[in-house]
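Residue-level structural notes
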Amino acid sequence: MGEMDVEPLTYGACLDPELLHLAEVSPLDLKENPQIAEQLYSQWLSLPETVRLVKSLMDDAKAGMPLNFSNSVGTNAATGNALPSMFPAGSAPPLSPRSSSGSPRFMKRGLGAGPSSLGSPLKLVSEPEKEVIPQFYFRNGRPLPKELKMQSLEIISQIFSGKLDGLQIHEFKTVTKEICKLPTFFSSVLFRKIDADGTGFVKRDAFVAHWMNSNMMTMDTEAQIFNILKHSDRSYLIQEDFKPILRELLATHPGLEFLQGTPEFQDRYAETVIYRIFYYVNRSGNGHLTLRELKRGNLIAAMQHADEEEDINKVLRYFSYEHFYVIYCKFWELDTDHDFLIDKENLIKYGNHALTYRVVERIFAEIPRSFTSKVEGKMGYEDFVYFILAEEDKSSEPSLEFKCIDLDGNGIITPAEIQFFYEEQLHRMECMTQEPVLFEDILCQIVDMVAPENETHFTLSDIKACKLSGNVFNILFNLNKFMAFEARDPFLIRQERENPTLTQWDHFARREYIRLSMEEDGEDASNGSGDYLKFFFFVLVKDLSNISVNSVLSNVILMTSHSMNEKCTY
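Since this is a predicted model, take the numbers as computed values, not measurements. (Residues numbered from 1 in each chain as written. Predicted model: local features only at pLDDT ≥ 70, side-chain atom pairs only at ≥ 80, totals over all residues. Heavy atoms only, no water.)

1. As for the nonpolar core
- If you look at the biggest cluster of nonpolar residues, it comprises 116 residues, and the most contacted ones within it are F207, F242, Y269 and F319.
- Residues within four places of F207 in sequence aside, it is in contact with I156, F160, F172, V175, I179, C180, I194, V202 and M212. (Core = buried A, V, L, I, M, F, W, Y, C linked by side-chain atoms within 4.5 Å. Buried < 20%, exposed > 50% of the residue type's maximum accessible area, 1.4 Å probe, protein only. Contact = heavy atoms within 4.5 Å.)

Dropping the structure here:
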């Protein structure tokens, strides 16, 4: 074919017939007969003008020059025909009145009106620049900015200045507080973590290597504490991991200084704090506290509060000594033989026989939680801590698990299960000559309080979504609290809700501590004396203009439940 051979392409059928501008050939015929378009395309390729055009474009492409199709078409562009004519001169059919620049097909293909927009298949296309996404996840925390790192190193150098052998354990608190930003009672455990060889000294370079070069400084506080406390072979915390920081807290906190002469009570206090931590934070209940659970809880904030507050009793979460005192004394009251174990007959006396036998049976069947005492039919101190927190702190999520009253363990509470537990409450009210409340009325009241999605049963999500769920449990197995709830003034209920910082446990612990401390002072707090009642009136009623008489009386009923002489005989 002259200077170059051009093979006919076999995809001519894919060409749009209207682009050929053949008025004498119907576009429909071309579409139905694709071989015609292929023949026409082959004939066009054989024209000398086409050969020169293709060769020119290929030479420009090889030379790296920008391709301009409009300049390559020569005289045909001047005549307004974008394609070389395949008809003899003077015999070409007239062009369509449509402008190629305004053709919908050209616009559809994204070709502009300008001549440079007529692209060629051989035109070089520049690749889009790759966008570099900066690293946003760092397994060990985001690296410190250089300026902050230099400032930290300068402070560290000042603290270790003149200490060629390093800092001793009693000197390390400054590092723990100012550099690590951790509670000071973490000082000993962090010191021993760095001084793995037990030399008794921590040098500057060893601290920098452990705290800064290993990315400990870039972690959040929860992750820092988690890594300091946990054993290197575990990915979780156990109760033993908390004992070193509790020992240092007891040895250094001014609010616990009075306990230093009684090591036994120091141990009991530390155990109680740990049990409370695992009750609230270890939601899985398996004794393995994970980093995820630690981050979801409020333990770190409580630790910081305990480190800054001199009055340990103001740290209501976990660390209050008054709360420990109440828990331990309540256990001691029930453990009559003082073998540090209590049985069903001991527990039934709790709260002046407030609980039903049926719920106590379920507790000792270890339905809600397996006992740690390892003695059959006996509950240990740790088990009692879990029990009293669940019984007295029904505003917390752990206590809302209704395993005790879920008789068949199917995850829902049915009216039949509610009736099973309420029958004993009804019998007890009859024995105490109290006006009984029929089960049908109680069931309606519970449905109104909980407002379940399905009125035929109650799910765990229904219980947790209701702010009065604790009263549902009191109705079923705590007679004293049920009676107190029935007698309470709605204004007082609303008043308690307006103070969300104090939980049901906080109110209970405060009342019981007052009672127990009065007994310790030699006063008989359970005889209903006038001085006793006046004292509680003073504690509870600070503004009589805002609280009704019924509110006061209902609270007295609850607080003096230990002095009730009526016992129901079964």
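2. Section: the UniProt feature "domain: EF-hand" (unreviewed entry) in the protein
- As annotated by UniProt and renumbered to match this structure, "domain: EF-hand" (unreviewed entry) occupies residues 402–428.
- Along residues 402–428, the helical share is 52% and the strand share 7%, with 22 Å between the first and last C-alpha atoms. (UniProt positions renumbered as here; feature names shortened; annotations may be inferred. Helix = DSSP H or I, 4+ residues; strand = E, 2+ residues; numbered from the N terminus.)

3. Let's talk about helix α11 (residues 221–229)
- Along α11, the residues that are buried comprise A223, Q224, I225, F226, I228 and L229.
- Where α11 is buried, its residues touch α9 (187–194), α10 (204–211), α12 (243–252), α14 (291–296) and α15 (299–308).

4. Observations regarding the side chain of D195
- Along the chain, the position of D195 falls in the loop between α9 and α10.
- Although D195 lies buried, it forms no salt bridge, and the closest oppositely charged side chain, R192, sits 7.6 Å away as judged by the N-O distance.
- When sequence neighbours within four positions are dropped, the list of residues in contact with D195 reads G200, F201 and V202. (Lys, Arg positive; Asp, Glu negative; His and termini not counted. Salt bridge = Lys/Arg side-chain N within 4 Å of Asp/Glu carboxyl O.)

5. Quick look at the packing of helix α21 (residues 415–431) against helix α24 (residues 469–477)
- Relative orientation of the contacting elements α21 and α24 amounts to 60°, with a least axis distance of 6 Å. The orientation of α21 with respect to α24, classified from their angle, is oblique. Of the residues in α24, those touching α21 at I418, F421, Y422 and Q425 are N474, I475, L476 and F477. (Axes fitted to C-alpha atoms, helices over the stretch in contact; angles between N-to-C directions. Parallel < 35°, antiparallel > 145°, perpendicular 65-115°, else oblique.)

6. Let's talk about the environment of I342
- The residue I342 is located in the loop between α16 (321–334) and α17 (344–347) in this model.
- Classification of I342 as buried rests on a relative accessible area of 0%.
- For the pair I342 and F331, spaced 11 residues apart in the sequence, the C-alpha separation amounts to 8.3 Å.
- With near-sequence residues (within four places) excluded, I342 lies in contact with F331, L334, D335, L347, F364, G377, K378, M379 and F384.

7. Details of the pattern of salt bridges
- Considering all chains together, one arrives at 26 salt bridges under this definition.
- We note a salt bridge from K243 to E240, for which the minimum N-O separation is 2.9 Å.
- Using a relative accessible area of 32% as the deciding quantity, one classes K243 as partly exposed.
- R515 is the partner of E333 in a salt bridge, and the nearest nitrogen-oxygen pair spans 3.4 Å. With E333 in helix α16 and R515 in helix α27 (residues 504–520), the pair connects residues that are 182 residues apart, well separated along the chain.
- Judged by relative accessible area, R515 falls into the buried class, the value being 5%.

8. Some thoughts on unusual backbone geometry
- The backbone of H338 shows a phi angle near 55°, a positive value even though the residue is not glycine.
- Even without being a glycine, E366 presents a positive backbone phi close to 60°.
- Within the element layout of this structure, E366 appears in the loop between α19 (357–364) and α20 (381–392).

9. What to know about a nonpolar patch on the surface
- Together, I133, F136 and Y137 give the surface a local cluster of nonpolar side chains, amounting to about 440 Å² of exposed area.
- Residue Y137 is classed as exposed on the basis of its relative accessible area of 56%. (Patch = residues over 30% accessible without salt bridge, like charges linked within 9 Å, V, L, I, M, F, W, Y side chains within 5 Å. Areas by Shrake-Rupley, 256 points an atom, 1.4 Å probe, with all protein chains shown as cover.)

10. Section: the packing of α21 against helix α22 (residues 439–450)
- Packing of α21 against α22 brings their axes to within 11 Å, and their N-to-C directions diverge by 125°. Compared by their axis directions, α21 and α22 come out oblique. Handedness of the crossing formed by α21 with α22: right-handed. From α21, P415, I418, Q419 and Y422 reach across to α22, where they touch F439, I442, L443 and I446. (Left-handed = near helix turned anticlockwise from the far one by under 90°.)

11. What about the confidence of the model for the protein?
- Model confidence for the protein is summarised by a mean pLDDT of 78, while 73% of its residues fall at 70 or above.
- Across residues 6–13, where pLDDT falls below 50, the model places 11 contacts with residues more than four positions away in sequence or in other chains.
- Throughout residues 525–570 the model reports pLDDT below 50, and contacts reaching past four residues in sequence, or to other chains, amount to 61 contacts. (pLDDT = per-residue confidence, 0-100.)

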